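# Descriptive structure summary
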Protein chains: 2
Amino acid sequence: MPIYQAPIRDYQFILSELLNVYQQPELQGFDEFDPELIDAVLQGVADFTTDIMLPLNGSGDLEGCRLQDGKVITPKGFSDAYQQYIDNGWATLTCDPEYGGQGLPEVIGVFATEMKTSTNMAFAMYPGLTHGAYAAIHAHGSDSLKAKYLDKLVSGEWTGTMNLTESHAGTDLALLRTKATPLADGEFAISGEKIFISSGDHDLTDNIIHLVLARLPDAPEGVKGISLFVVPKVLINEDGSLGQLNQLKASSLEHKMGIHGNSTCVMNFDGAIGELVGEPHQGLRAMFTMMNQARLGVGLQGLGVSEIAYQNALAYAQDRIQGRALSGVKQAEQAADPILVHGDVRRMLLAQKSFNQGTRALMGQQALWLDESERHSDPLQVKAASKLAALFTPIVKGFVTEQGFKACVDAQQVFGGHGYIHEWGMEQFVRDSRIAMIYEGTNGVQALDLIGRKVLADKGATLKLWSELVKTLIERNIKNQAMKPYIEGLMASAADLEKATGYIVAKAAKNPDLIGAASMAYLQIFGITALAWMWTRTAEKALQCLENGADDSEFYQDKLATAKFFMHYWAVQTTSLVKQIELASSDIVEFEDRAF
Amino acid sequence: MPIYQAPIRDYQFILSELLNVYQQPELQGFDEFDPELIDAVLQGVADFTTDIMLPLNGSGDLEGCRLQDGKVITPKGFSDAYQQYIDNGWATLTCDPEYGGQGLPEVIGVFATEMKTSTNMAFAMYPGLTHGAYAAIHAHGSDSLKAKYLDKLVSGEWTGTMNLTESHAGTDLALLRTKATPLADGEFAISGEKIFISSGDHDLTDNIIHLVLARLPDAPEGVKGISLFVVPKVLINEDGSLGQLNQLKASSLEHKMGIHGNSTCVMNFDGAIGELVGEPHQGLRAMFTMMNQARLGVGLQGLGVSEIAYQNALAYAQDRIQGRALSGVKQAEQAADPILVHGDVRRMLLAQKSFNQGTRALMGQQALWLDESERHSDPLQVKAASKLAALFTPIVKGFVTEQGFKACVDAQQVFGGHGYIHEWGMEQFVRDSRIAMIYEGTNGVQALDLIGRKVLADKGATLKLWSELVKTLIERNIKNQAMKPYIEGLMASAADLEKATGYIVAKAAKNPDLIGAASMAYLQIFGITALAWMWTRTAEKALQCLENGADDSEFYQDKLATAKFFMHYWAVQTTSLVKQIELASSDIVEFEDRAF
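Residues numbered from 1 in each chain as written. Chains lettered and ligands numbered in written order. Predicted model: local features only at pLDDT ≥ 70, side-chain atom pairs only at ≥ 80, totals over all residues. Heavy atoms only, no water.

### Quick look at the overall build of chain A
On a plain count of helices and strands, chain A comes out with 17 helices and 11 strands. Computed over the C-alpha atoms, the radius of gyration of chain A is 24 Å, within 12% of the 25 Å expected from 2.2 N^0.38 for a compact globule of 596 residues. Of all 596 residues assigned to chain A, the portion counted as buried reaches 64%. Intrachain contacts of chain A at a sequence separation of at least 6 include 74% that bridge at least 24 residues. On chain A, roughly 21400 Å² of surface is accessible, and the fraction owed to carbon and sulfur atoms is 51%. Positive and negative side-chain charges in chain A, numbering 49 and 72 respectively, have mean positions lying 8 Å apart. (Helix = DSSP H or I, 4+ residues; strand = E, 2+ residues; numbered from the N terminus. Rg over C-alpha atoms; globule rule 2.2 N^0.38 Å. Buried < 20%, exposed > 50% of the residue type's maximum accessible area, 1.4 Å probe, protein only. Contact = heavy atoms within 4.5 Å. Areas by Shrake-Rupley, 256 points an atom, 1.4 Å probe, with all protein chains shown as cover. Lys, Arg positive; Asp, Glu negative; His and termini not counted. Charge placed at Lys NZ, Arg CZ, Asp CG, Glu CD.)

### Describing the UniProt feature "domain: Acetyl-CoA dehydrogenase-like C-terminal" (unreviewed entry) in chain A
Under the present numbering, the feature "domain: Acetyl-CoA dehydrogenase-like C-terminal" (unreviewed entry) in UniProt falls on residues 474-590 of chain A. As annotated, residues 474-590 of chain A comprises 86% helix and 0% strand, and the C-alpha atoms at either end are separated by 39 Å. (UniProt positions renumbered as here; feature names shortened; annotations may be inferred.)

### A closer look at the relation of the copies chain A and chain B
With an RMSD of 0.0 Å, chain A superimposes on chain B once it is rotated by 180° and translated 0.0 Å along the axis. These values place the two chain copies in the arrangement generated by a two-fold rotation axis. Residue S576 of chain A, judged by its C-alpha, is the member of chain A lying nearest the rotation axis, at 2.8 Å. A high fraction, 100%, of the interface residues of chain A reappear at the interface in chain B, so the copies pair face to face through one surface. (Least-squares fit on C-alpha atoms with pLDDT ≥ 70 in both.)

### Quick look at the domain arrangement of chain A
Residues and elements named next belong to chain A. Taken domain by domain, chain A holds domain 1 (8-140), domain 2 (159-283), domain 3 (290-425) and domain 4 (442-596). Between the C-alpha centres of domain 1 and domain 2 the distance comes to 25 Å. At the interface, 26 residues of domain 1 touch 26 residues of domain 2. Surface buried jointly by domain 1 and domain 2 totals about 2200 Å² across both partners, of which 69% is contributed by carbon and sulfur atoms. Three residues stand out in domain 1 for area buried against domain 2, namely V72, Y126 and L129, and they jointly supply 26% of the buried area on that side. On inspection of domain 1 and its partner domain 2, the count reaches 0 salt bridges. Taken together, domain 1 and domain 2 are joined by 10 residue pairs in polar contact (both at pLDDT 80 or more). Breaking the side of domain 1 that touches domain 2 down by element, the ones donating at least two residues are α3 (57-63), β1 (66-68), β2 (71-73), α4 (78-87) and α5 (106-140). The greatest single-element share of the side of domain 1 that touches domain 2, amounting to 11 residues, is contributed by α5. A breakdown of the residues in the side of domain 1 that touches domain 2 according to their chemical character gives 15 nonpolar, 8 polar and 3 charged. (Domains from an automatic or database assignment. Buried area = accessible area lost by both parts, 1.4 Å probe. Salt bridge = Lys/Arg side-chain N within 4 Å of Asp/Glu carboxyl O. Polar contact = N/O pair within 3.5 Å; in protein donor to acceptor, adjacent residues only side chain to side chain. Nonpolar A, V, L, I, M, F, W, Y, C, P; charged D, E, K, R; others polar.)

### Notes on the packing of helix α13 (residues 461-477) of chain A against helix α14 (residues 484-508) of chain A
All names here are of chain A. Running from N to C, α13 and α14 cross one another at 155°; their axes reach a closest spacing of 11 Å. Considering their axes alone, α13 and α14 lie roughly antiparallel with respect to each other. The two elements α13 and α14 cross, and the hand of that crossing is left-handed. For the pair formed by α13 and α14, the contact residues are L463, W466, V470, L473, I474 and N477 on the first element and I487, L490, M491, A494, L497 and T501 on the second. (Axes fitted to C-alpha atoms, helices over the stretch in contact; angles between N-to-C directions. Parallel < 35°, antiparallel > 145°, perpendicular 65-115°, else oblique. Left-handed = near helix turned anticlockwise from the far one by under 90°.)

### Description of the UniProt feature "domain: Acyl-CoA dehydrogenase/oxidase N-terminal" (unreviewed entry) in chain A
Per the UniProt record, "domain: Acyl-CoA dehydrogenase/oxidase N-terminal" (unreviewed entry) is found at residues 80-157 of chain A. The span residues 80-157 of chain A is 72% helix and 0% strand, and its two end C-alpha atoms sit 13 Å from each other.

### Some thoughts on the interface of chain A and chain B
Opposite the 91 residues of chain A that make contact, chain B presents 91 residues. For the pair chain A and chain B, the summed buried area comes to about 7900 Å², and 60% of that belongs to carbon and sulfur atoms. Here chain A and chain B share 8 salt bridges between them. In this structure, the salt-bridge partner of R594 of chain B is E554 of chain A, at a minimum N-O distance of 3.2 Å.

### Observations concerning the nonpolar core
In this structure, W466, Y522 and F526 of chain A together with W466, Y522 and F526 of chain B are the most contacted members of the largest nonpolar core, which totals 410 residues. Once residues within four sequence positions are removed from consideration, Y522 of chain B is found in contact with L450, I451, V455, L463, L497, A500, T501, I504 and I581 of chain B. (Core = buried A, V, L, I, M, F, W, Y, C linked by side-chain atoms within 4.5 Å.)

### Points about the pattern of salt bridges
Pairs can form between side chains of opposite charge whenever their charged atoms are close. Counted under the stated rule, the structure contains 44 salt bridges over all chains. Ionic pairing is found between R360 of chain B and E307 of chain B, a salt bridge with its closest N-O pair at 2.8 Å. Taken together, the positions of R360 of chain B in helix α9 (residues 343-375) and E307 of chain B in helix α8 (residues 291-319) put the pair 53 residues apart, joining distant regions of the chain. Of the charged contacts, one joins E427 of chain B and R431 of chain B as a salt bridge, the two residues approaching to 2.8 Å between their closest N and O atoms. Taken as a pair, E427 of chain B and R431 of chain B lie in helix α11 (residues 426-434) at a separation of 4 residues, close to a single helical turn. For the pair E427 of chain B and R431 of chain B, one class covers both residues: buried. The structure contains a network of salt bridges with shared partners spanning D10, E114, E307, R360 and K559 of chain A.

### With respect to the packing of aromatic side chains
In the structure shown here, the tally under the stated rule is 62 aromatic pairs over all chains. With centroids separated by 6.5 Å and ring planes inclined at 90°, the aromatic side chains of F78 of chain A and Y126 of chain A adopt a geometry described as edge-to-face. Here F78 of chain A is found in helix α4, whereas its partner Y126 of chain A is found in helix α5, with 48 residues between them in sequence. If you follow R434 of chain B out to its NZ or CZ, it ends over the ring of F405 of chain B, 5.6 Å from the centre. Over the ring of W533 of chain B we find R537 of chain B, and its NZ or CZ is 4.6 Å from the ring centre. (Phe/Tyr/Trp six-rings, centres within 6.5 Å; stacked < 30°, edge-to-face > 60°. Lys NZ or Arg CZ within 6 Å of the ring centre and 35° of its normal.)

Pasting the structure below:
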């Protein structure tokens, strides 16, 4: 069975040193927690995920979910584990205290999510989707809807789902057909079929609260005619008790490549009773307001699975003996050296490690921006943070899941033939992490969101805001010889990003299709530059800690070594990506359709 | 169910125009076939693979193999299909006529293999492994062994396997423990456990001929003490009839990520009767002589699965409507445009297409070198071709399977959420093609073979031989304005390859571990440059055909457009890879073991 060690020390570094979250008086509520409390929370999640969730990951994958007599049965152990999960209060961490939540900021929540995803991505999706439903009702629901649903979604007594996709309407929700017919009492009858509904039915809780996109009879065509409804599996009586079953069911389970422990359902709504969330025809807008957070959640899957895959690849590389180092025998007492001596094994592990740690820091930054956008006392900073979080949303989703998947493939490769065999767990990580590149907006959609909506439509304003942060960091360190390798790497990637932006801006007006053709390379350049920024900040902080005689000097030295590798291995990749944009984008647009 | 259209036109182009195989009087036996015959063969394989093998691919994956009462049962339909396969004579194509083969050259065989792999990789492995066993006995067996086994391996009446790996001995065969004890009559008793044995047991044929690596009692330690034995599942009587069962069995089936239709077995040999193939202690050398061909076969899996994945992704992109082109509505009569209008979808498809077609041409070239190394009338060319084939072996295996897998992942991505669902077939392509990066020497082993054995140990002699071919091509075309985009791309990549070689040569003596650290980037640079070479030759030929007023002018124009895209998208990647080698290799070596 795969091992897992929660990266607590890295969380502490990011929270205390890199992001300095314990000294943020301008952030409402941040004064209510301190390192001791947060360490206890993180350690609690670490213990729960390692002890309870991890042992169910491989078995849940093998067993999968079953549809039996119209009901979905989750794998053995999931139901018990879920009960413990909510009994321990892990569902409530970042929720509104008014509804029973603990009010912790996102910057703590992201790391809890990472650990949950590392140990059991399929299981983590049940509370993950619940949080989405909670957030939708919290942000857009009427007081009566909030009173009816939020307490139980926060506690985890009920779970939630998001019903968007139909078989012909995935990325393009304008095409969706599910109908909402008004009833006499202000309620609606929802009819239609939704596919790919994660956690659509299961045996973990007594009720499941579906958020469903549908069209009202008088709806305008396209995305401006979509409304959002809350549709419970079991209707709720006036007194809050459970009533009769609603007219909906999981008609089948999808046969997926991975995340077998999560029930991905085809949902049939056959005149199911629902209530409107927010205004009519404003459903898509309601969904979009939760997008930053939902996409951050998917990005964390990219990181989480990559992290556990790395840990296991490393353990295997230290343990497995095979061949000898090219420079000569390293462990003469054994019949062969551990494969960690081999350069290409080391390369794969370092590529993963430097990606994971840089990404973890970026996830913290992104979460802090989300926190600032809701809690900062300065309205200017609220606005700035909100725009920065929006800019980085396609990066934390699209870039991180893309590279996180590749990291899992590399981790599997370290195992050789054993990596292809289920018992070792590595092939599951590859299968599970693959979905994160697809759902919550494919990575192609993320790439287009980044360059189209977040850069071009914004006329580069937010990009400039961020570029100033990068420039300040560079200027502050440019004369420091010890910072040279990091600053050089960051400057080179940032220059490539500027070049790529300039090229697309120059061409976009005359040739809009070129934006899409260049978008994925642009996303990768931006993602790499963002990590180069986090690694430069990390190096700056590590050097300071070493100068100040920090106890744990090896930790900081290792951060510096990893930062240097990042610059030499990852940051250099932007050079070719810019060339691709400059040379291949127009080929892509001009290529004859018949010639494909 | 996935579709498939055999790329017959591309085969014709490569054979007739690019490689000119029908006018090779110096190659023994090449005068015995002509375009008409070969077209008929290729079309026959195309029909068989499309009609018989493809329909069993998805069902074989779902059903998998079962071990029942000590016997392996293959998926429904496999046994019938196999019978048809051998009845039609498809097993015999490239085999020695002396044993019932058709004597066709490898340059034809590779394309038959590609089609088989495209349509059903798991099924294709049964005859694929048989061919390996045939080749081992053909090259190293005594006359009596040949008489006993070859006819039936050629016809496919019996299948074969290769038993190398043990649980603790994969890449490092020096560690293997299986024993061979001499018996009175010149035979041997083989005992030990082998894992990951493809086609180890099944119900397709009455007998299975295992080639097994084992140690004799007096064997020296390490790889110099390994001998090769032929060990039949059923012993063969003097008169050639089947006798009693040998002392061996498949003790379990591996639970794999993919290729579920192929029975991957743990094999137990418990004093099984075997005969020595070749000289004692020379088993590994015997295996290595077949390596060029075996690794070419695995490389063809990388290409074959990538090709069918591309074809289906393209069909989906043409059919699936979702969203509108950024430049405005393209198909107003539909509710949305086909997703082929979207730049990032086009990018993914072109990346696949240009990789597949360039690789197909390279496979043809590699096969022709193998043919020349066995059939050329000029001993100098025999030697040169043999060295070139050895140089390119790690490229056709390591580079092609690496990029072929990525192409499958991209093809899956084109399908969005549907790509993750089994019914569409795309996720199977990803799972199946993943193994090709691992077996027959992991891609890390390939990378080290390339730079270590094929370049450094060879003192660059064969690399120089090939570089001269590249230079000649460049010089011949450098003044031709129409060839400019291709020549520029090839020159840039070739210069990067030279730079990378120079860097590693300069550092290798002092720092041997750096060779491994740089090896994978080196393999990728070499592979890309090799494809740039094939695309430049393709462009040269396409321009000539257009100048000569060829009928099928669109075919050649499309080749030129694809060649240009290759240079602008793929060839530019070498720039960053060289930087990685120059900057990151020493970091990889110097990184502290404790800091991972």
